[in-house]
Amino acid sequence: MQIEVVKSKIHRVKVTGADLNYIGSITIDKALMEAANMIEGEKVSIVNVNNGERLDTYIIPGERNSGEITLNGPAARRVAPGDIIIIISYGLMDFEEAKKFSPSIVFPNEETNTLT
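- Per an unreviewed UniProt entry, the protein chain goes by the name Aspartate 1-decarboxylase and belongs to Wenyingzhuangia gilva.
- Under the Subunit (unreviewed entry) heading, UniProt states for the protein chain: "Heterooctamer of four alpha and four beta subunits."
- On record in UniProt, under Sequence similarities (unreviewed entry), the comment for the protein chain is "Belongs to the PanD family."

### With respect to the UniProt feature "modified residue: Pyruvic acid (Ser)" (unreviewed entry) in the protein chain
For step 1, the next point in the chain: According to UniProt, the positions carrying the feature "modified residue: Pyruvic acid (Ser)" (unreviewed entry) are Ser25.
For step 2, the next point in the chain: The residue Ser25 is located in strand S3 (residues 25–29) in this model.
For step 3, the next point in the chain: Residue Ser25 is classed as buried on the basis of its relative accessible area, which comes to 2%.
For step 4, the next point in the chain: Beyond its immediate sequence surroundings of up to four residues, Ser25 is in contact with Thr57, Tyr58, Ile60, Thr70, Leu71 and Asn72.

### Comments concerning the pattern of salt bridges
For step 1, the next point in the chain: Going through the model one piece at a time under the given rule, you end up with 7 salt bridges.
For step 2, the next point in the chain: Of the charged contacts, one joins Glu42 and Lys7 as a salt bridge, the two residues approaching to 3.2 Å between their closest N and O atoms. Highlighted residues: Glu42 in the loop between helix H1 (30–35) and strand S4 (43–48) and Lys7 in strand S1 (residues 2–14), separated in sequence by 35 residues. Accessibility assignment for this pair places Glu42 and Lys7 in one class, buried.
For step 3, the next point in the chain: Between Asp56 and Lys43 there is a salt bridge; the shortest N-O distance is 4.0 Å. Residue Asp56 is found in strand S5 (residues 54–62), and its partner Lys43 is found in strand S4; the two are separated by 13 residues along the sequence.

### Some details on the pairing of strand S6 (residues 69–72)
For step 1, the next point in the chain: With burial as the criterion, each face of S6 is covered, one bearing Ile69 and Leu71 and the other bearing Thr70 and Asn72.
For step 2, the next point in the chain: Here strand S2 (residues 17–19) runs beside S6; their pairing, made up of 3 bridges, is parallel. When the bridges of S6 are listed, Asp19 appears paired with Asn72.
For step 3, the next point in the chain: Summarising the sheet, S3 and S6 pair through 4 bridges and their orientation is antiparallel. In the strand pairing of S6, Ile28 is matched with Ile69.

### What about the UniProt feature "binding site: substrate" (unreviewed entry) in the protein chain?
For step 1, the next point in the chain: UniProt feature "binding site: substrate" (unreviewed entry): in the numbering of this structure it lies at Thr57, Gly73, Pro74 and Ala75. Maximum C-alpha separation among the annotated residues is 10.0 Å over a sequence range of 19 residues, consistent with a single clustered spot.
For step 2, the next point in the chain: Tracing the backbone shows Gly73 in the loop between S6 and strand S7 (84–94).
For step 3, the next point in the chain: Excluding anything up to four places from it in sequence, Gly73 contacts Asp19, Leu20, Tyr22, Ile23 and Gly24.
For step 4, the next point in the chain: Its place among the elements puts Ala75 in the loop between S6 and S7.
For step 5, the next point in the chain: Residue Ala75 is classed as buried on the basis of its relative accessible area, which comes to 9%.

So, how was this worked out
- Residues numbered from 1 in each chain as written.
- Predicted model: local features only at pLDDT ≥ 70, side-chain atom pairs only at ≥ 80, totals over all residues.
- Heavy atoms only, no water.
- UniProt positions renumbered as here; feature names shortened; annotations may be inferred.
- Helix = DSSP H or I, 4+ residues; strand = E, 2+ residues; numbered from the N terminus.
- Buried < 20%, exposed > 50% of the residue type's maximum accessible area, 1.4 Å probe, protein only.
- Contact = heavy atoms within 4.5 Å.
- Salt bridge = Lys/Arg side-chain N within 4 Å of Asp/Glu carboxyl O.
- Pairing = 2+ DSSP bridges.

Structure follows, in structure tokens:
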């Protein structure tokens, strides 16, 4: 049996931008992506701590160590700059494998979105 489990999480980062006129996706600082074991194009769930909104999109890499977290396209209507969000990716695994799996979870500085 295959189950879906948390693979990676960036816990509590501040939205730095919302660009409605972009095609779509979330731009994430490349250093945060690497620390959380996330890759370009990966599907992620976004949870907005400020308003309870939840949405799915995909990642595009932002400038390394910039702290950038920008929601693009229609997702830009679900956040405001300054909102705190959680970014989660999931993976499919065999049930027994999942019992032993440890996700990559990072806790950046909430003010600067950088790793401390």
